[in-house]
Structures are given as C-alpha cells and as structure tokens.
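Commentary on secondary and tertiary structure
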Amino acid sequence: MATSTISAPETPTIIITGASGMLGRALHRLLIYESNDYKVIGLGFSRLEVNHYHEYFPPPTPTKHYCYESKVRLHRINLLDYEETSAFLRRCNPDIIVHCAAERYPDAFEKNLAASFQLNVDATKHLAHEILRLGDENKTNARKKSYLIYISTSYVFDGGVSSRVYPPYKPGSTANPINNYGISKWEGECAIRDILNKEEGLGQGVIVRVPLLYGEDCVDLNESPALEMMKVHLPQNRCEDKVTSDIKQIDDWALRFPTSVEDVAKVLKLMIAQLLKESNERAIHAGTYHVASPHGCTKYNLLQIQSKILGISRDVVEKRAVGDSSGPPATSAPRPQCTQLDCCDTWKAMGQTFNFVTLEEGMERALFGFPERFIHS
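We now turn to the structure provided with this report. Everything numeric in this text was worked out from a predicted model, so none of it was measured. (Residues numbered from 1 in each chain as written. Predicted model: local features only at pLDDT ≥ 70, side-chain atom pairs only at ≥ 80, totals over all residues. Heavy atoms only, no water.)

1. A word on the side chain of His-290
Along the polypeptide, His-290 turns up in strand β15 (residues 287-290). By relative accessible area, which is 0% here, His-290 ends up buried. A polar atom in the side chain of His-290 sits 3.0 Å from the backbone oxygen of Tyr-169. His-290 has contacts with Phe-157, Tyr-169, Lys-170, Pro-171, Arg-209, Leu-341, Asp-342, Cys-343 and Thr-346, leaving out every residue within four places of it along the chain. (Helix = DSSP H or I, 4+ residues; strand = E, 2+ residues; numbered from the N terminus. Buried < 20%, exposed > 50% of the residue type's maximum accessible area, 1.4 Å probe, protein only. Polar contact = N/O pair within 3.5 Å; in protein donor to acceptor, adjacent residues only side chain to side chain. Contact = heavy atoms within 4.5 Å.)

2. Section: the environment of Asp-324
By secondary structure assignment, the location of Asp-324 is in strand β16 (residues 321-324). Separated by 189 residues in sequence, Asp-324 and Gly-135 place their C-alpha atoms 51 Å apart. With near-sequence residues (within four places) excluded, Asp-324 lies in contact with Gln-249, Ile-250, Asp-251, Asp-252 and Trp-253. Side-chain polar atoms of Asp-324 contact the side chain of Ser-326, separated by 2.6 Å.

3. Concerning the pattern of salt bridges
Evaluation of the coordinates by the stated rule reveals 15 salt bridges. The partner of Glu-228 in a salt bridge is Lys-299, and the shortest N-O contact between them spans 2.8 Å. Separated by 71 residues along the polypeptide, Glu-228 in the loop between β10 (213-214) and β11 (235-237) and Lys-299 in helix α7 (residues 299-309) bring together distant segments of the chain. The class for Glu-228 is partly exposed, based on a relative accessible area of 28%. On the basis of relative accessible area, Lys-299 is assigned to the buried category, the value being 10%. Between Glu-361 and Arg-365 there is a salt bridge, with its nearest N and O atoms 3.0 Å apart. Of this pair, Glu-361 and Arg-365 both sit in helix α10 (residues 359-366), four residues apart, roughly one helical turn. According to the relative accessible area criterion, Glu-361 is partly exposed, its value standing at 40%. The class of Arg-365 is partly exposed, set by a relative accessible area of 34%. (Salt bridge = Lys/Arg side-chain N within 4 Å of Asp/Glu carboxyl O.)

4. Focus on the pairing of strand β8 (residues 147-153)
For β8, the buried fraction is high: seven of the seven residues fall into the buried class. Burial along β8 is two-sided: the residues Tyr-147, Ile-149, Ile-151 and Thr-153 and Leu-148, Tyr-150 and Ser-152 are all buried. The sheet contact formed by strand β7 (residues 96-99) and β8 spans four bridges and is parallel. Bridge assignment links Ile-97 to a residue of β8, and that residue is Leu-148. Both β8 and strand β9 (residues 205-210) contribute to a ladder of six bridges, which runs parallel. (Pairing = 2+ DSSP bridges.)

5. Thoughts on the packing of aromatic side chains
All chains considered together, the criterion is met by eleven aromatic pairs. Ring centres of Tyr-56 and Phe-368 lie 6.3 Å apart, and the angle between their planes is 70°; this geometry places the pair in the edge-to-face category. Here Tyr-56 is found in the loop between β4 (49-51) and β5 (71-73), whereas its partner Phe-368 is found in the segment after α10, with 312 residues between them in sequence. Seen from their ring centres, Trp-347 and Phe-354 are 6.3 Å apart, and the 25° between their planes marks the pair as stacked. Of the two residues, Trp-347 and Phe-354, neither departs from the other in class, the shared state being buried. Through a chain of ring-to-ring contacts, the aromatic side chains of Phe-109, Phe-117, Tyr-155 and Tyr-181 assemble into a single cluster. (Phe/Tyr/Trp six-rings, centres within 6.5 Å; stacked < 30°, edge-to-face > 60°.)

What follows is the structure, encoded as structure tokens:
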C-alpha cells in the first residue's frame with residue numbers, strides 16, 4: 001500500500017487537503033504516479049484509505065521503475081483542530097498546499113450550516129495564516145515562499161438573476177452567490193485575498209474556480225451530481241434486475257459544464273510547476289483563475305448522453321426519467337441557471353490552451369462497468 005511521506009527538505013512538498021474526494025484523489029494520483037519531482041502528502045479525515053485504481057479504472061501500464069498500487073493511505077488531520085493542523089504543517093514545511101477539502105454539496109450544506117461554514121471558511125482562513133507563518137519561518141533560507149491553491153466554484157456567480165452580470169464569467173466579474181455553499185466559497189476567496197494577496201502580484205494565494213465536476217474513478221454515483229441521475233437505470237437491489245418503476249424528474253433548466261477532475265488535476269499540476277519556479281520565470285502568480293470544460297448541457301441532456309453511451313434507448317430513458325425545465329427544484333438549495341466560466345485569462349497567463357476531454361469520452365470512462373460498478377449506490 002502506498003503511503004504519502006513527509007518530505008526531505010531539498011524536495012518540494014505538496015500537501016493536498018481532501019485527498020479522499022474526487023478532485024483530491026485525481027491530483028494525488030497524478031502527482032504520485034506521474035512525477036518524481038515532489039513529495040506528496042494526502043490529507044483526509046473520515047476516509048483514510050482510498051483506491052486510486054480498481055478493476056473499472058485500471059492503472060496505466062507499470063514501468064520497470066514503478067508498480068502502481070491501488071490503495072493509498074492518507075494522513076488523518078482534522079482541519080478544524082487548528083493546533084493539530086499547525087503542528088503537522090510545521091513538521092512538513094510544505095511548499096504548496098492545494099486546499100480541496102470542502103463541503104461541496106449545496107443541499108448537504110444547508111442541512112449543517114455551522115459545520116459547513118467552519119470547514120469552507122474558517123479552516124481556509126487558518127491555512128492562509130499558516131502559509132504566512134511558513135514564509136516568516138523560512139526567511140533565513142533560500143527556499144521559495146509557500147503558496148495556497150484554493151479550490152473555489154462557479155457558484156460564486158448568480159447567473160445574472162440579480163447582479164445583471166451574465167455569463168460567461170471572467171475572474172474579475174462581479175460575484176453574487178445565491179446559496180450558502182456559494183457564499184461560503186466566496187468568503188473563503190475573500191480570506192485568501194485579505195490574508196495572502198494584499199499586494200497585487202506579490203501574494204501567496206491562488207484561487208481556482210471550477211464548475212460541476214465528475215470523477216472517472218467513482219464507484220458511487222452519489223459522489224457527483226453529474227453521475228447521480230444514472231441511478232434511474234440501477235436495479236432496485238442486488239437480487240433483481242428490475243429498475244425502479246418511478247419516473248424521476250431530472251433538471252432540464254440549468255446549464256452545467258461537467259468537467260472531469262482528471263483534466264482539472266492536469267491543469268493544477270501545471271500551475272504547481274509554475275509556482276515552484278523563480279518569480280521572474282513564472283507564468284502563474286497569485287490571483288484568480290478559471291478552469292472549466294467548454295462542453296455545456298443540462299442534467300437531463302447529460303442523462304441522455306450517458307444512456308446513449310451505454311446503449312440504453314431513448315424510449316427506455318423516457319419511461320424512467322423526464323426533463324423538468326420549469327426552473328430550479330423547489331425543494332433544493334437555490335441555484336443559478338448558468339454560471340459558465342470564461343477560461344481565456346487562465347490560458348493566456350499559462351501561455352497555452354488546454355484541451356478538455358469531450359463529455360462522451362469522459363462519461364464513457366466514468367461509466368465503464370455499469371451497472372455492476374455502481375450496484376451498491
């Protein structure tokens with residue numbers, strides 16, 4: 001079993017919070033298996049053993065230098081225990097912290113507001129202060145200053161419903177979140193700017209906004225709103241092939257831009273490499289960046305695409321689900337209709353564009369082995 005190890009001083013150390021989540025897993029996997037340049041430390045809290053690979057998401061062909069391991073053990077850290085977190089960071093002395101840990105489900109956020117705000121806002125503030133402290137403690141040596149990469153969301157925008165600022169959104173567009181999840185991520189962004197980026201271009205905070213994400217390695221459809229609709233095609237239990245007879249209403253109103261975490265991880269890897277360069281050689285500096293696929297659809301459109309990939313006819317889909325274009329579901333947290341992110345400034349800063357996987361290709365990998373892969377979902 002692979003285990004993240006605390007770094008030697010001469011090797012750049014990358015810490016990933018929330019390394020058991022979709023994006024955290026993808027980045028952890030990418031940095032461990034495709035780069036020998038870093039010591040990578042994955043942090044978790046409730047899930048400490050994660051599968052980077054499994055029978056439906058096999059590893060690349062192992063090289064003679066390295067055999068890929070499926071299970072990876074994470075370091076258990078409660079980010080809300082500030083004393084524990086500070087002590088751990090002091091021992092690790094990271095060059096970069098990629099802060100993926102968050103309560104990222106808007107509906108779940110509403111059910112536990114206090115704890116969700118603590119994780120999304122207060123823990124972020126503490127990490128930002130720790131980045132400053134690390135810089136102060138390392139002023140006497142030649143190492144580069146530390147950075148915090150904060151993962152935010154397109155839900156900091158309102159779709160123009162009250163701001164009258166419409167998508168696609170640039171990093172400097174007016175934010176106006178309309179649900180508590182979006183508010184918490186915006187407050188986290190403000191903390192990064194206030195604590196780490198007071199001086200333009202000289203800061204230590206990088207904010208990366210992303211849209212709806214999905215994992216190509218998921219074994220639970222509930223892990224991503226971009227996959228959960230496929231539960232309409234699952235048998236009701238392990239012992240029978242019959243799917244539910246209830247017709248589900250699927251959102252056909254909000255335009256989403258489902259993005260594979262594998263692609264986001266690749267962009268983050270490029271950003272990490274840039275941040276570790278000397279300041280006059282970097283393409284990426286402190287600031288806000290957008291990373292999102294340009295391929296948009298509603299959740300009902302996406303269900304149709306997914307079903308077609310699996311050879312499920314339109315007639316069968318229509319017997320199990322119907323698109324609802326009347327507006328956001330009344331029983332869920334408020335959501336904007338469209339928060340498309342404009343990534344042009346990101347690619348301009350990086351000096352290169354990025355080709356995102358198509359929805360068809362990404363979903364084919366994400367759903368490989370359906371339904372057996374997800375039968376427990």
